[in-house]
Structure formats: structure tokens, C-alpha cells
Amino acid sequence: MDQQKHLEVFVHEKAICESANIGEGTRIWGFSHVFPKAIIGRNCNIGEHVFIENRVVIGNECTIKNGVAIWDMVTL
């Protein structure tokens, strides 16, 4: 398996990702919205229709299932 592909961040063309704090290998799927100050770790999978506010921190290797909203002050 090509390791280089896993180092990139994937943001679906129908997603809104305003944050620059996204770890390598993370995937953000369609119709999700990640606010500018959110922090998401490496190798995460953010499903479709996910809403992540500004003061959210998500660690490495996390999966957020479709349709989940994560509000300010939440750390995973």
C-alpha cells in the first residue's frame, strides 16, 4: 500500500472545511462542516453531514459517524 496517499488530508468537494488544523490521513466526507478553529488529529474519518464547531478537539484515529454534531468545548 502506498504510504504517501495516507499522509494527505482528503476533503470531499461537497464538504466545508475551514480549519487548517487537520492531521495527516484524515478524511472529511460530503456535506460536513468543520469550523476554522476546530482541531482534528491524524487518520480520522469524519462521516457525511457532520458538524464540528470551533472549540472542538478530536484526537488521532477517531471515527465520527454520519450526522453527528460536536459542539464547542468537546474534546474526544
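1. Considerations on the pattern of salt bridges
So, point 1. This structure, assessed with the given rule, holds one salt bridge.
So, point 2. A salt bridge links Asp72 to Arg55, with the shortest nitrogen-to-oxygen separation between them at 3.8 Å. One end of the pair, Asp72, is in the segment after β10 (69-70); the other, Arg55, is in the loop between β7 (51-52) and β8 (57-58), with 17 residues separating them in the sequence.
So, point 3. A relative accessible area of 27% means that Asp72 is categorised as partly exposed.

2. Quick look at the nonpolar core
So, point 1. Grouped together as the largest cluster of nonpolar side chains are 15 residues, with contacts concentrated most on Val34, Ile40, Ile46, Ile52 and Ile58.
So, point 2. In this structure Ile40 touches Asn21, Ile22, Gly23, Thr26, Val34, Ile46, Ile52 and Ile58, once residues within four positions along its chain are discounted.

3. Points about the packing of aromatic side chains
So, point 1. Scanning the model with the defined rule gives three aromatic pairs in all.
So, point 2. Taking the centre distance of 4.9 Å and the plane angle of 50° together, the rings of Phe10 and Trp29 count as tilted. On the criterion of sequence distance, the pair formed by Phe10 in strand β1 (residues 10-11) and Trp29 in the loop between β3 (27-28) and β4 (33-34) is long-range, its members being 19 residues apart.
So, point 3. What makes Trp29 partly exposed here is its relative accessible area of 30%.
So, point 4. Ring centres of Phe51 and Trp71 lie 5.1 Å apart, and the angle between their planes is 50°; on these two criteria the pair is classed as tilted. With a gap of 20 residues between them, Phe51 in strand β7 and Trp71 in the segment after β10 connect regions that are remote in the sequence.

Cut-offs and rules
- Residues numbered from 1 in each chain as written.
- Predicted model: local features only at pLDDT ≥ 70, side-chain atom pairs only at ≥ 80, totals over all residues.
- Heavy atoms only, no water.
- Salt bridge = Lys/Arg side-chain N within 4 Å of Asp/Glu carboxyl O.
- Helix = DSSP H or I, 4+ residues; strand = E, 2+ residues; numbered from the N terminus.
- Buried < 20%, exposed > 50% of the residue type's maximum accessible area, 1.4 Å probe, protein only.
- Core = buried A, V, L, I, M, F, W, Y, C linked by side-chain atoms within 4.5 Å.
- Contact = heavy atoms within 4.5 Å.
- Phe/Tyr/Trp six-rings, centres within 6.5 Å; stacked < 30°, edge-to-face > 60°.

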